[in-house]
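# What the coordinates show
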There are 2 protein chains.
Amino acid sequence: MLDSFLRDLPEVLTGATEGPGTWSPYVVIAHLIFAEKTDWMPRLSIILQHGANRTFDPFDHEGQFRNLEGQSLPTLLDEFKLVRQENVTRLRAMNLTPEQLELNGRHPALGLVTARQLIATWTAHDLGHIVQISRVMARRYKSEVGPWAAYQSVMK
Amino acid sequence: MLDSFLRDLPEVLTGATEGPGTWSPYVVIAHLIFAEKTDWMPRLSIILQHGANRTFDPFDHEGQFRNLEGQSLPTLLDEFKLVRQENVTRLRAMNLTPEQLELNGRHPALGLVTARQLIATWTAHDLGHIVQISRVMARRYKSEVGPWAAYQSVMK
């Protein structure tokens, strides 16, 4: 879905931000890749192996900016597709039982969470970033739409 | 992009709303189809033929609810793809000049607008509704994500 959304768009859209310190669609894709590698599945493994006895490693919210030099958006989309497919394949192969889904883990800031909540957050996190990507690109049109901006809540 | 996003999702997501009177992703797709048929290209034709002398017909914001009975989401996605492709083909064939893009039209509430602003709004309107679709589905996970809701601005 992200591939069909973004691959053929010009950089003026995929590189757009909402101001200093905010993320472009390009940076969001790099963040999604980084989360596939360091967040969801590693934390699920910690829950299954150690339960709440081992606190998750903190997630690095700037981690996507490392090794980003020279990576084009199509390259990132290819990598995201690959790492996501690998993780979904691994997750399915785990055949988690209802009991395993209720196992606790310990988040460094939020405290006790369950494997089920972690997996739901994985999905909701995708959707939240699709909101962000679409909002950033919509706002790029704020001056171009002229009077119609008044009708578009996304511009506010 | 909407096809790869929505076609295979369960109705618990594509039929979800944000409360009474708000639109599900399913209704948004019907609205996008209705706008293809009655808004963008018809208004562009009015601008090119009549300029600001003929006010646009008001857009019916409930129009998508007519003839919706028995239409599945995949059927709507197929129809949207068809009408959008037809309109993009027609728009390209028009080969609009910079002068034509600056022609004025008259919006029933907003007053004078240009053909250029109309076409920019067509795109921004898509993006705004992708924001909406993603937000509606993300919020469906609000209770499932447990403590993580605190970290997801989309849940607020």
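Heads up: the structure comes first, above all this text.
Residues numbered from 1 in each chain as written. Chains lettered and ligands numbered in written order. Predicted model: local features only at pLDDT ≥ 70, side-chain atom pairs only at ≥ 80, totals over all residues. Heavy atoms only, no water.

### A short note on helix 7 (residues 115–139) of chain A
Formally: Where helices and strands are cited, they refer to DSSP runs of H or I of at least four residues and of E of at least two residues respectively, numbered from the N terminus. Multiply 1.5 Å by the residue count of a helix minus one, and that product is the helix's expected span. Burial classes: relative accessible area under 20% of the type maximum marks a residue as buried, over 50% as exposed, and values in between as partly exposed (1.4 Å probe, protein chains only).
End to end, helix 7 of chain A covers 36 Å across 25 residues, agreeing with the expected 36 Å (1.5 Å per residue, within 8%). Most of helix 7 of chain A is tucked away: 20 of the 25 residues are buried.

### Remarks on the packing of aromatic side chains
Residues and elements named next belong to chain A. Counted only if it meets this: Here a pair means two rings of Phe, Tyr or Trp (six-membered ring of Trp) with centres within 6.5 Å. Their orientation is stacked below 30 degrees between planes, edge-to-face above 60, and tilted elsewhere.
Taken as a whole, this structure holds five aromatic pairs over all chains when the rule is applied. When the centroid spacing of 6.3 Å and the interplanar angle of 15° are considered together, the rings of Trp-40 and Trp-122 count as stacked. With Trp-40 in helix 4 (residues 40–50) and Trp-122 in helix 7, the pair connects residues that are 82 residues apart, well separated along the chain.

### Describing the interface of chain B and chain A
Rule in force here: Here, residues are in contact when the closest pair of their heavy atoms is within 4.5 Å. Buried surface area refers to the total accessible area, computed with a probe of radius 1.4 Å, that the two partners give up upon joining, counted for both partners together. The term salt bridge refers to a pairing of a side-chain nitrogen on Lys or Arg with a carboxyl oxygen on Asp or Glu at a separation within 4 Å. As used in this structure description, the phrase polar contact means that two N or O atoms lie within 3.5 Å; if the pair is within protein, one of them must be able to donate a hydrogen and the other to accept it, and residues adjacent in sequence are counted only when both atoms belong to side chains. Note that Gly is not counted as nonpolar here; it falls among the polar residues with everything else outside the nonpolar set of Ala, Val, Leu, Ile, Met, Phe, Trp, Tyr, Cys and Pro and the charged set of Asp, Glu, Lys and Arg.
In this complex, chain B contributes 36 residues to the contact, which on the side of chain A involves 36 residues. Approximately 3,000 Å² of surface area, both sides summed, lies buried where chain B meets chain A, with 77% of it carried by carbon and sulfur atoms. A per-residue breakdown of the area chain B buries against chain A is headed by Leu-110, Leu-127 and Trp-148 of chain B, which together make up 23% of the total. Counting across the interface, chain B meets chain A through zero salt bridges. There are one residue pair in polar contact (both at pLDDT 80 or more) connecting chain B and chain A. The set of elements that each furnish at least two residues to the side of chain B that touches chain A consists of helix 1 (2–6), strand 2 (111–114) and helix 7 (115–139) of chain B. The dominant element in the side of chain B that touches chain A, judged by the number of residues it contributes, is helix 7 of chain B, at 15 residues. Residues of the side of chain B that touches chain A, tallied by class, amount to 22 nonpolar, eleven polar and three charged.

### Let's talk about the relation of the copies chain B and chain A
Formally: Here the copies are matched by least squares. The fit uses the C-alpha atoms of residues with pLDDT of at least 70 in both.
Placing chain B over chain A gives an RMSD of 0.0 Å and needs a rotation angle of 180°, together with 0.0 Å of translation along the axis. Considering both components of the superposition, the chain copies are consistent with a two-fold axis. No C-alpha of chain B approaches the rotation axis more nearly than that of Val-131 of chain B, which lies at 2.3 Å. Mapped onto chain A, 100% of the interface residues of chain B again fall at the interface, so both copies present the same surface.

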